Amino acid sequence: MKENRKIKKRNLFRRSLLYVPGNMPRMLHSILSFDMDTIIIDLGDAVRPENKLAARILVRNFLKTYDFGDVEVFIRINQIDSPYGFEDLKMLLPEMPDGIRLPRSTHMSLIKEVDMYISQIEDELEVEDGRFSIIASIDTAIGVLNVQQIAQSSSRICALAFDAEHYTLDLGIERTKENESLLFARMQVLLTAKAMNIDAIDTIFSDVYDEEGLIQETRHAKSLGFTGKSLISPRQIIPVHNVFAPTKKEIEFAQRIISAAEQARKRRIGVISLDGKLVDSPAISRAELTLKMARDLGLVMENE
Amino acid sequence: MEIINTGQAGTVESSDCIITVSPSENGMEINIESTVKLQFGDHIRDLIIDFFNKKGIVNVSLFINDRGALDYVILSRLESAVLQASGYKEGL
Amino acid sequence: MKNILGREIPESLHNFKPYRGRKVRPNLDQQVSPPLKTGWPAKNKVVKSLREVIKLTGLKDGMTVATHHHLQDRDQILIQILEAIKQEGIRNITLAPTGLFPCHRIIIPYIQDGTIGHIEGDISGEVGRFICEGNLSKPVIIRSHTARLFARFTGKQPVDVAFLAVSASDRCGNSNGISGANPFGSMGYAITEARYAKQVVVVTNTILPYPLQQISLSQEFVDWVVEVEQIGKPIRKMPVRIGMVSNPIGYLIARYAIRFGQAAGFIKKGFSFQIGSGALGAEIGRALLNTMKEQELNASFISGGITGAHVEMLKEGWTNMLLDVESMDAEAVESLLINNNHQEISATTYANPFTQGCVVNELDIVFLGATEIDTDFNVNVSTESNGLIKNTVGGHSDVAGSAKFSVILAPAFRNRISTIKNEVIAVNTPGDCVDALVTEYGICINPKKEDILEKVVENDPKLPIIPIEELMNKIQKLTGTPKPLEFDEKIVAVWEYADGTVLDVLRKVKI
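Residues numbered from 1 in each chain as written. Chains lettered and ligands numbered in written order. Predicted model: local features only at pLDDT ≥ 70, side-chain atom pairs only at ≥ 80, totals over all residues. Heavy atoms only, no water.

Peer 1: Mind laying out the overall build of chain C, listing which residues take part and the relevant values?
Peer 2: Per the secondary structure count, chain C includes 14 helices and 25 strands. Taking 2.2 N^0.38 as the reference for a compact globule, 511 residues should give roughly 24 Å; the C-alpha atoms of chain C span a radius of gyration of 22 Å, in line with that estimate. Dimensions of chain C along its principal axes, counting C-alpha atoms only, are 70 × 55 × 45 Å. Residue burial in chain C is summarised as follows: out of 511 residues, 61% are buried. Nonlocal contacts in chain C, meaning residues at least 24 apart in sequence, comprise 72% of its contacts between residues at least 6 apart. Across chain C, the centroid of the 54 positively charged side chains sits 2 Å from that of the 56 negatively charged ones. (Helix = DSSP H or I, 4+ residues; strand = E, 2+ residues; numbered from the N terminus. Rg over C-alpha atoms; globule rule 2.2 N^0.38 Å. Buried < 20%, exposed > 50% of the residue type's maximum accessible area, 1.4 Å probe, protein only. Contact = heavy atoms within 4.5 Å. Lys, Arg positive; Asp, Glu negative; His and termini not counted. Charge placed at Lys NZ, Arg CZ, Asp CG, Glu CD.)

Peer 1: Hey, could you go over the side chain of C:E496 for me, with residue numbers and the actual values?
Peer 2: All names here are of chain C. Here E496 lies in strand β24 (residues 487-496). The buried category is assigned to E496, whose relative accessible area is 2%. Within the structure, E496 has its side chain in polar contact with the side chain of K156 (distance 3.1 Å). In this view, E496 contacts F16, I141, I142, R143, S144, A147, K156, T501 and L503; residues no more than four positions away in its chain are not counted. (Polar contact = N/O pair within 3.5 Å; in protein donor to acceptor, adjacent residues only side chain to side chain.)

Peer 1: Residues and numbers for the nonpolar core, please.
Peer 2: Residues A:I41, A:I100, A:L160, B:F52, C:F260, C:F273 and C:F367 are the most contacted members of the largest nonpolar core, which totals 138 residues. With 9 residues, helix α7 (residues 248-263) of chain C is the largest single contributor of residues to this core. Setting aside anything within four residues of it in sequence, one finds C:F273 in contact with C:L288, C:M292, C:A299, C:F301, C:I302, C:S303, C:M313, C:L363 and C:I365. C:L100, C:I123, C:I373 and C:Y497 belong to the second-largest nonpolar core, a separate cluster that totals 120 residues. (Core = buried A, V, L, I, M, F, W, Y, C linked by side-chain atoms within 4.5 Å.)

Peer 1: Outline unusual backbone geometry, listing residues and values.
Peer 2: A cis amide bond links C:Y210 to the next residue, C:P211, at an omega of -10°. Tracing the backbone through its elements, the reader meets C:P211 in the loop between β9 (199-204) and β10 (224-227). Within the chain, A:M96 stands out as a residue other than glycine whose phi angle is a positive 60°. Tracing the backbone shows A:M96 in the loop between α4 (85-92) and β4 (99-102). In the Ramachandran plot, B:S15 falls in the positive-phi region, its phi being about 70° despite a non-glycine side chain. Relative to the assigned elements, B:S15 resides in the loop between β1 (7-10) and β2 (17-22).

Peer 1: Can you tell me about the sheet that holds strand β25 (residues 502-509) of chain C, naming the residues and giving the values?
Peer 2: Residue and element names in this part refer to chain C. On the basis of which strands lie adjacent, the open sheet formed by 3 strands has the order β5-β24-β25 and mixed pairing. Edge positions in the open sheet fall to β5 (140-143) and β25, since each of these has one partner strand only. Recorded for the sheet is a direction-independent mean angle of 35° between the axes of neighbouring strands. (Pairing = 2+ DSSP bridges. Axes fitted to C-alpha atoms, helices over the stretch in contact; angles between N-to-C directions.)

Peer 1: For helix α1 (residues 50-57) of chain C, give the residues involved together with the corresponding values.
Peer 2: Residues and elements named next belong to chain C. Among all positions of α1, only L50, V53, I54 and T57 are buried. The buried residues of α1 occupy an angular sector of 105° when projected down its axis, which confines them to one face. Check the buried side of α1 and you find it contacts β1 (46-47), α2 (78-87), β6 (161-165), β9 and β10. Following α1 by one or two positions, G58 adopts a phi angle in the positive range, close to 75°. (Arc of directions from axis to C-beta.)

Peer 1: For the environment of A:Q188, give the residues involved together with the corresponding values.
Peer 2: All names here are of chain A. Mapped onto the elements of the fold, Q188 is located in helix α9 (residues 183-196). The exposure class of Q188 is partly exposed, given its relative accessible area of 23%. Between the C-alpha atom of Q188 and that of D42, which follows or precedes it by 146 residues, the distance is 25 Å. In contact with Q188, not counting residues within four places along its chain, are V144, L145 and V147.

Peer 1: How would you summarise the sheet that holds strand β7 (residues 199-202) of chain A if you had to cite specific residues and measurements?
Peer 2: Residues and elements named next belong to chain A. Here 8 strands make up a closed barrel; going around it, the order is β1-β2-β3-β4-β5-β6-β7-β8 and the pairing parallel. Looking at each pair of strands side by side, their axes are set apart by 25° on average, direction ignored. Two elements, strand β3 (residues 72-76) and β4, share 3 bridges in a ladder whose sense is parallel. The partner of R76 across the bridge, within β4, is R101. In this fold α9 packs onto β5 (133-138), β6 (157-162) and β7, with an angle of close to 170° to the strand it touches most, β6.

Peer 1: Describe the environment of B:T20, and please don't skip the residues or the numbers.
Peer 2: Residues and elements named next belong to chain B. Here T20 shows up in strand β2. As a C-alpha pair, T20 and L62 span 42 residues in sequence and 5.7 Å in three-dimensional space. Those residues within four positions of T20 in sequence are excluded, and the remaining contacts are T6, G7, Q8, S61, L62 and F63. Of note is the side chain of T20, whose polar atom sits 3.0 Å from the side chain of Q8.

Peer 1: Kindly report on the interface of chain B and chain A, identifying the contributing residues and their values.
Peer 2: Chain B puts 15 residues into the contact, and the matching count from chain A is 19 residues. Where chain B packs against chain A, one counts 1 salt bridge. B:E79 serves as the salt-bridge partner of A:R60, at 2.5 Å between the closest nitrogen and oxygen. The tally of links from chain B across to chain A stands at 4 residue pairs in polar contact (both at pLDDT 80 or more). (Salt bridge = Lys/Arg side-chain N within 4 Å of Asp/Glu carboxyl O.)

Peer 1: Go over the interface of chain C and chain A with me, naming the residues and quoting the values.
Peer 2: Taken residue by residue, the interface counts 18 residues in chain C and 15 residues in chain A. Summed over both sides, the interface between chain C and chain A buries roughly 1500 Å², with carbon and sulfur atoms accounting for 57% of that surface. On inspection of chain C and its partner chain A, the count reaches 1 salt bridge. Across the salt bridge formed by C:E283 and A:R235, the nearest N and O atoms sit 2.7 Å from each other. Seen at the junction of chain C and chain A, the total is 3 residue pairs in polar contact (both at pLDDT 80 or more). Here the side of chain C that touches chain A gets 6 residues from one element, more than from any other, and that element is α7(C). Split into classes, the residues belonging to the side of chain C that touches chain A amount to 10 nonpolar, 3 polar and 5 charged. (Buried area = accessible area lost by both parts, 1.4 Å probe. Nonpolar A, V, L, I, M, F, W, Y, C, P; charged D, E, K, R; others polar.)

Peer 1: Please provide a residue-by-residue account of the packing of helix α9 (residues 308-315) of chain C against helix α10 (residues 330-338) of chain C, values included.
Peer 2: To characterise two packed helices, one gives the angle between the axes of the helices and the distance between these axes. Residues and elements named next belong to chain C. At a closest axis distance of 7 Å, the pairing of α9 and α10 adopts a crossing angle of 40°. If you check the angle between α9 and α10, you find them oblique. Contacts between α9 and α10 involve G308, V311 and L314 from the former and E331, A332 and S335 from the latter. When the residues that make up the contact of α9 with α10 are grouped by side-chain class, the tally is 3 nonpolar, 2 polar and 1 charged. (Parallel < 35°, antiparallel > 145°, perpendicular 65-115°, else oblique.)

Honestly, that's just the spatial picture; any functional story needs more than this.
Quick look at the structure:
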């Protein structure tokens, strides 16, 4: 199990990134029953300063003990300029999480520092370069302004995650369910992620019991181009997966692309076309992704 | 490793435990209170003694109030409490 | 002697027959007729105090007193009855309550001082613990709802006096649970308790003019009417956002259970169902309602203990009927009063198989809880992992044995104790009555239901179906294997199945 963990996981999608507090055993080991794409173990806000060490030890032993299968595990470390950030990395990366979620990603220099430190640990652990990924949390005004540099600062960055809770705090405004004031920041994060070809993750929705509200906000995020959402309760997984599920039309289109590609392969034709339009290789990857998601959700049968 | 003061870690929430270790003069004194004492009391004691042996801790007094914590949790709380009790301070 | 579940039933248990299997086979020679009474010329039934009524009934040392109160944990009558019995100097009675709940811890002193000598009834809470510690000379006999009926009409447990709480009565004993100062809803169990007792006393805080409007329990069965100041605390309101503040694990189990019920073909248009009480019950109720709305599946009826959640389903048209043997909250009580499609049923209509047919036989699917389940699907609902009785059994085995499909819902482990074990501490519901177990780690189907397995795999291949032994090993790998409890010789409890046979006994735990 340990050996396998040295190899970087290649996840196809990150629709649901579920936070779990790092110092609560009951929540830690119950998380494994759920079918989120990514677990984010929170050592930051969820853990009081006097418990930081205890939480780290607990999470280390948790990672040692359990097998996570296809699910990605990220550690939401403490701010890197706090007394805890580097300690978190030092103690937990040897347990081979898939990466870290970096709060207060504000400047290129800060990310580069983290990147170098991680590279050093990778050398010590004798794992491939870039084994550990970074999800950069964009959660401040300065972060939103610098997001392009941030995204370019390390090849480890696999996703940009917008965090409206801290962002509104930084701006000194209230977080409401409508929050038009967030649109600029959301779009800035999104466009950068798209331009860099990495994942765009939308912010948490904090009212666990308002499923309708969650669905609406997720639909909005999807319509903008976000492909995933950070979650604070397992109850939010299924509604979010349903929103990100491909539509019937999308599935049918994907199926037609795949069969066109297969036909072309059988007849050894290099150029693939559908309805008189050229089908390129990104379109084929996208179609495969759509069908995998559809199969996972039981929208199409395994062999379709 | 030596226990020089009192260290404590954990909570009394379900699936967790709270462990207190302090110095002792007469070897190991282990006190177990657990919601699953009948089924796992002996096992928990073995787990703790084994940990102390590995760390070379001989003189120690320990109290655990266990709410059905799994092994990895007990070992984590134990390690945290012992670190504290042996004078470790974070950031030093 | 071992019964067919492999449980050791000592020969020393006088007069007990071992469990023979799910199918109940009444021995018709055993039946006794309800007691004949002479109510003519009309007598005055209204008595001023419990002490006086005890004198009038002629209750004596060693006799059997049955009690029932729908308010369960809010009952304030039982303690008054026991105090009156004690003051009359009567000792060593057999108490036969339909249920003892946490509030009944106050009766323990009456066990200690010898007023109560023996208990035959459903128990829970601190009284359960007290009995498990070996404080009674004879074991408590715990009967499911149906088993209690069986013990009555076979004369196995004759009742000398039954005290029944009613929220209103007239001077002749016509009574119900929906009128008066402290209504509590359905009188399901009281109606049947009244039929076989030699004398029946209704206890109320509201006497209304004759004849009472809306009669649940008829005057023909009632010997005496006693007015007291308090019958209990007001019935609870349905908690706001019921089931929402619970553990997400419960939510996950409920989702699996609904998908499973659909894949197995038991949740569909016009189906009928019942949900056991408890936190998981609330979760499954919510998940089921969501599914019914999404897919426009109406139910034909819901039976059993009725809650505000069921009432909402009725109001919004997702079920045609509620068949209420026991109202669980104020919303259910109000609905019973005003909605004609919310029907009170007696315990015998509900779950008596020794009739031309009862409601539970018509149930498509039932969701029930468990504290433990073994690899033969035998279920323990009463004791915790420490071997002490914590919960009542209610109608668990009755419903499980009769419904077309019975599904147990439980977390895979609590604290660090695996719910699935090689052997449960006590069998309350035998494995041949149980069709499946749903946990957050997987769904186990009883091997006797092979056809269901095939159907489910075909209809919903993504469901995590797993053999029960395999799931147990998987869980115990996480939790560790618990050391089995050690027991003394002393038997503290006996569980009877619907037909009066013995499912299991519990011995005192060695500590």
